[in-house]
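# Fold and contact review
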Amino acid sequence: ATFITLQRCGEDKKVRTKDSSEESTTTDNVQNTNSTSNELIITLNADFNKNDELIIFWKDKNIGWFTDEKTIYGGASDIDGHQTIVFKFPNGAIPNDLRFDISNNKEQKEIKVNFIKLQQGPREFYIFGDELTKYFKPNEFISYNAEKHKLILSENKSQYDPYLNTTHDFILELQKVLNTTF
């Protein structure tokens, strides 16, 4: 079973920064997460301006393309402040690539990404807003404002499907978190 958690309170509500004394980009500390050793968890901390649905499509070595069977859903609310959305992968899943559908709401005009955390057991890795384009490649429905760490979303020819593809740098960090090679 796939579990999704939308959190609004607690430590993960706080914006993490690279120079924070609590966190570093890569750490072996587990904080505020109920992760078993084989469960990959991806946490998105971001600011949304509308209710929305987010989807992570993932694939493993058994398939060469993204399918509806390997998806994890998360939700965002139009509340002020930082929101934490947690995507828990099935226990033992070893994804070798991801596609992050960041919005399904055409009225969502921008999303400020504070951080994305990858975690499995004691291993975790943070991607901060200013590093987003190092680890993800936005598609034609997204432009990235690097100064404000915002994804600017728009329709293209009456279509709306903004998503982020992973880069080689993301895959390298995912391998470290999963303690494996692809």
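Residues numbered from 1 in each chain as written. Predicted model: local features only at pLDDT ≥ 70, side-chain atom pairs only at ≥ 80, totals over all residues. Heavy atoms only, no water.

### Considering the packing of aromatic side chains
- Per the stated rule, a full pass over the model turns up 6 aromatic pairs.
- For the ring pair phenylalanine 136 and phenylalanine 170, a centre distance of 5.1 Å and an interplane angle of 50° mean the geometry is tilted. On the criterion of sequence distance, the pair formed by phenylalanine 136 in strand β10 (residues 136–138) and phenylalanine 170 in helix α2 (residues 168–178) is long-range, its members being 34 residues apart.
- The exposure class assigned to phenylalanine 136 is buried, which follows from its relative accessible area of 3%.
- Taking the relative accessible area as the measure of exposure, phenylalanine 170 reaches 1% and is therefore buried.
- Taken together, the ring pairs connect Phe115, Tyr126 and Phe128 into an aromatic cluster. (Phe/Tyr/Trp six-rings, centres within 6.5 Å; stacked < 30°, edge-to-face > 60°. Helix = DSSP H or I, 4+ residues; strand = E, 2+ residues; numbered from the N terminus. Buried < 20%, exposed > 50% of the residue type's maximum accessible area, 1.4 Å probe, protein only.)

### A few points about unusual backbone geometry
- In this structure, histidine 149 takes a positive phi of about 60° despite not being glycine.
- Following the sequence through the fold, histidine 149 ends up in the loop between β11 (142–145) and β12 (150–153).
- Here histidine 149 falls in the partly exposed class, since its relative accessible area comes to 25%.
- In this structure, asparagine 179 takes a positive phi of about 55° despite not being glycine.
- One can find asparagine 179 in the segment after α2.
- Look at asparagine 179 and you get exposed, because its relative accessible area is 57%.

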